[in-house]
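The residues making up each chain are set out below.
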Amino acid sequence: MRFASIGSGSRGNGTLVQDGDTCVLVDLGFTIRETEKRLARLELAASAITAILVTHEHIDHLNGVGPFARKYSLPVYMTPGTYNREKIGLMPALELINCHQSFAINGFTVVPVPVPHDAKEPCQYLISSGSSTFGILTDLGHITPHVAEQYSRCDGLLLECNHDPDMLAEGPYPYPLKVRVGGDHGHLSNSQAAGLLSQIELSRLQHLIIAHISEENNSIEIVRKEILATLGEWQGYLTIADQGTGFGWITLN
Ligand SMILES: [Zn+2]
Ligand SMILES: [Zn+2]
């Protein structure tokens, strides 16, 4: 099983998870043209994608989903709340999911996990194939006990480290947006993300990807410092997901 990103952050997201003939795209916040360009960078043909999973209706996750699904006749999976919230047009095949129930896409088992975020019915996803599990966890205001439990055993984890609270407080955002981002239904701060890492099975985690980093309210240096301090003697690989380029393919053993 391998995974990659075509971009991560408030200007557009898209994560690919592939094993054999099955390849799912989680969220798509880019135009068709931009997506094709970014897929080419990963040497992946758009026709290799099996399905799209959507986490929630915010434009950085949903904007490109409809057009891309229609162009490539892809089934799209999302919660009814996400679907009803935004007009995304006709889908070639729409799969409305129950965010408390796992489902299969070919050889993948997908476990949706509801998260606290200021969207209608947001969920994040754990995707397993064989004995490997990859977890995607961005766009949530705090770590609930259910989230901590569900994400405790991952071989690969893409984790939001959105902001540093001091930088957010002193930064350029208008006050209501600061309250939203830093609130219980906003985004994870570096220390909230570190808090999750202190609760999970680090011995199993091969790859940790820091993602959805705010360009205004965070810095790579601060994130690294805070996360590395939590990881202690951890022997895995740390990757930073970039807004512009995402990151290249990472294979789980
Ligand atoms: Zn987002
Ligand atoms: Zn969001």
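Everything below is about the structure shown above.
The structure reproduced in this document is the subject of the present report. This is a predicted model, so every value here is computed, not measured.

**Re the coordination of the zinc ion (ligand 2)**
(1) Moving on: Only His56 (NE2), His58 (ND1), His117 (NE2) and Asp139 (OD) from the protein coordinate the zinc ion (ligand 2), and they sit 2.2 to 2.4 Å from it.
(2) Moving on: Around the zinc ion (ligand 2), the four donor atoms sit at angles spanning 91 to 168°, and that spread fits a shape best called irregular.
(3) Moving on: Here the donor residues of the zinc ion (ligand 2) share one chain and are spaced in sequence as H-x1-H-x58-H-x21-D.
(4) Moving on: The two metals, the zinc ion (ligand 2) and the zinc ion (ligand 1), are separated by 3.6 Å and share aspartate 139 as a common coordinating residue.

**Quick look at the pattern of salt bridges**
(1) Moving on: Across all of its chains, the model carries eight salt bridges by this definition.
(2) Moving on: Glutamate 36 is the salt-bridge partner of lysine 71, the closest N and O atoms lying 2.8 Å from each other. Linking lysine 71 in helix α3 (residues 65–72) with glutamate 36 in helix α1 (residues 32–41), this pair joins segments that are 35 residues apart in sequence.
(3) Moving on: By relative accessible area, which is 47% here, lysine 71 ends up partly exposed.
(4) Moving on: Overall, the relative accessible area of 25% leaves glutamate 36 in the partly exposed class.
(5) Moving on: Here glutamate 149 ties to arginine 153 by a salt bridge, and the two come within 3.4 Å at their closest N and O atoms.
(6) Moving on: Owing to a relative accessible area of 42%, glutamate 149 belongs among the partly exposed residues under this scheme.
(7) Moving on: The class for arginine 153 is partly exposed, based on a relative accessible area of 39%.

Parameters and conventions
- Residues numbered from 1 in each chain as written.
- Chains lettered and ligands numbered in written order.
- Predicted model: local features only at pLDDT ≥ 70, side-chain atom pairs only at ≥ 80, totals over all residues.
- Heavy atoms only, no water.
- Donors = N, O, S within 2.8 Å, 3.2 Å for Na, K, Ca; no water.
- Tetrahedral: all angles 85-135°; square planar, octahedral: opposite > 155°, others 65-115°.
- Salt bridge = Lys/Arg side-chain N within 4 Å of Asp/Glu carboxyl O.
- Helix = DSSP H or I, 4+ residues; strand = E, 2+ residues; numbered from the N terminus.
- Buried < 20%, exposed > 50% of the residue type's maximum accessible area, 1.4 Å probe, protein only.

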